[in-house]
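Here is what each chain is made of, one letter per residue.
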2 protein chains.
Amino acid sequence: MKALIPYKKKNAKSRLSPALTLEEREEFVELMLRDVVSSLQEAGVKEIDILTTPDNGVPKDLQATVVLNEHDLNEAINEYLSHEQKPILIIMADLPLVRAEHIKEIISKTEDVVIVPGKGGGTNIIFVKDPSNFHVKYYGSSFLNHCNIANDRKCSVYVYDSFLLSTDIDEPHDLVEIILHGHGNSREYVTERFDMETGMARAKIAYSDA
Amino acid sequence: MKALIPYKKKNAKSRLSPALTLEEREEFVELMLRDVVSSLQEAGVKEIDILTTPDNGVPKDLQATVVLNEHDLNEAINEYLSHEQKPILIIMADLPLVRAEHIKEIISKTEDVVIVPGKGGGTNIIFVKDPSNFHVKYYGSSFLNHCNIANDRKCSVYVYDSFLLSTDIDEPHDLVEIILHGHGNSREYVTERFDMETGMARAKIAYSDA
């Protein structure tokens, strides 16, 4: 099997801008990518492809292959899938809570497709045994899209239920989960910059909205 | 083992007020309670206690025992635990995404304490084998509190990682998860009232903020 990580650094994560500057966000997405790659490697995944555009600058020291494609996310991934024979694990770069154990468990499932739902209808990881018999459709409610596509292709589906993997880091309140449940580079980065505010409601990171 | 469900109906879920009126919220929390009780029963849990205050009106047709206590959540639960010998599963009433399979898996764990983290540092379910050797501390970051208490008491801990169980229904954007992943009474209630809005970001329910 191979892992595919779509990656965008340039002006990434604009919804985090109340908490992090542009420069910080670009630094932070690279650290999250490093944590995702580390967990994949720890799980024994040997082939890791990072799908990106030429202006995004994947760090050279990562043991991964950079695949360049100027098209949008769906088109770029679908072009990639159409040329692949091996099972492909598509994992988002903003999942720093992923651990090697998650990856091992996902790739050991016997179903044709494993879908890991994200908050708000997203697909944070999808593992496709036969990439030539599948296509992706991110955005909108991609979780439902991918369930429907699998159904149309007569693929069996396992929905992998994980809080840590449902937590893609998109909005400021997601950062607190890194303090609570994270590890590696991204946790160090967040804990250096933010305190946790707790009370009767959900904990949040403390930052000035000004 | 026994299950304990702390329950508040009166003026419940004020953070849902942008989406639901007071009357609707009170109706809705009762439906969520029904879904939680159903999943416990389907998992074979025979003894279910609902911990509440006299003014909250637990529906009479539920096959559960009402335990009244006027104290605050922590004090009421800790009084309850101090009188119990059997393993206790404390499960929040606002977890309508819970399925029987989750419950079966949690109560089969061999660790002394199983903690199911909620979003933002909460504890959505905790299973305590020896209630006389434990106390709860909800609010603040109760997930960390409970890990620390278990550690102080020399209890082994299993952290149960589930997106569906991390999703307590507290804020309007949580309602979309019921449309996407829910079942039972609560799903029927939400799908009758709300459409899902999708786009590039996380899906939300559509409601007027006016």
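Least-squares fitting of chain B to chain A yields an RMSD of 0.0 Å, with the transformation described by 0.0 Å of translation along the axis and a rotation of 180 degrees. Considering both components of the superposition, the chain copies are consistent with a two-fold axis. Comparing interface residues between copies, 100% of those in chain B also sit at the interface in chain A, which points to an isologous, same-surface contact.

A word on the interface of chain B and chain A. Contacts between chain B and chain A engage 33 residues on the former and 33 residues on the latter. Both faces considered, chain B and chain A share a buried interface measuring about 2700 Å² in area, 57% of it formed by carbon and sulfur atoms. For chain B, the biggest contributors to the area lost against chain A are Asp-161, Phe-163 and Arg-202 of chain B; these three give 29% of the whole. Applying the counting rule to chain B against chain A returns 5 salt bridges. Here Asp-174 of chain B and Arg-202 of chain A are joined by a salt bridge, their closest N and O atoms 3.0 Å apart. Here chain B and chain A share 18 residue pairs in polar contact (both at pLDDT 80 or more) between them. Of all the elements in the fold, those that place two or more residues in the side of chain B that touches chain A are helix H4 (142–152), helix H5 (163–166) and helix H6 (175–181) of chain B. Per element, the largest residue contribution to the side of chain B that touches chain A is 4 residues, and it comes from H6 of chain B. For the side of chain B that touches chain A, the class distribution of residues is 12 nonpolar, 12 polar and 9 charged.

Residue and element names in this part refer to chain A. Checked against the element boundaries, Ala-76 lands in helix H2 (residues 73–82). In sequence terms Ala-76 and Thr-53 are 23 residues apart; their C-alpha atoms lie 9.8 Å from each other. With residues near it in sequence (within four places) discarded, Ala-76 still touches Leu-51, Asn-69 and His-71.

Right, let's get into the pairing of strand E1 (residues 2–6) of chain A. Residues and elements named next belong to chain A. Most of E1 is tucked away, with 5 of its 5 residues classed as buried. With burial as the criterion, each face of E1 is covered, one bearing Lys-2, Leu-4 and Pro-6 and the other bearing Ala-3 and Ile-5. Summarising the sheet, E1 and strand E4 (residues 88–91) pair through 3 bridges and their orientation is parallel. Among the inter-strand pairings, Lys-2 is bridged to a residue of E4, identified as Ile-88.

The rules we used
Residues numbered from 1 in each chain as written. Chains lettered and ligands numbered in written order. Predicted model: local features only at pLDDT ≥ 70, side-chain atom pairs only at ≥ 80, totals over all residues. Heavy atoms only, no water. Least-squares fit on C-alpha atoms with pLDDT ≥ 70 in both. Contact = heavy atoms within 4.5 Å. Buried area = accessible area lost by both parts, 1.4 Å probe. Salt bridge = Lys/Arg side-chain N within 4 Å of Asp/Glu carboxyl O. Polar contact = N/O pair within 3.5 Å; in protein donor to acceptor, adjacent residues only side chain to side chain. Helix = DSSP H or I, 4+ residues; strand = E, 2+ residues; numbered from the N terminus. Nonpolar A, V, L, I, M, F, W, Y, C, P; charged D, E, K, R; others polar. Buried < 20%, exposed > 50% of the residue type's maximum accessible area, 1.4 Å probe, protein only. Pairing = 2+ DSSP bridges.

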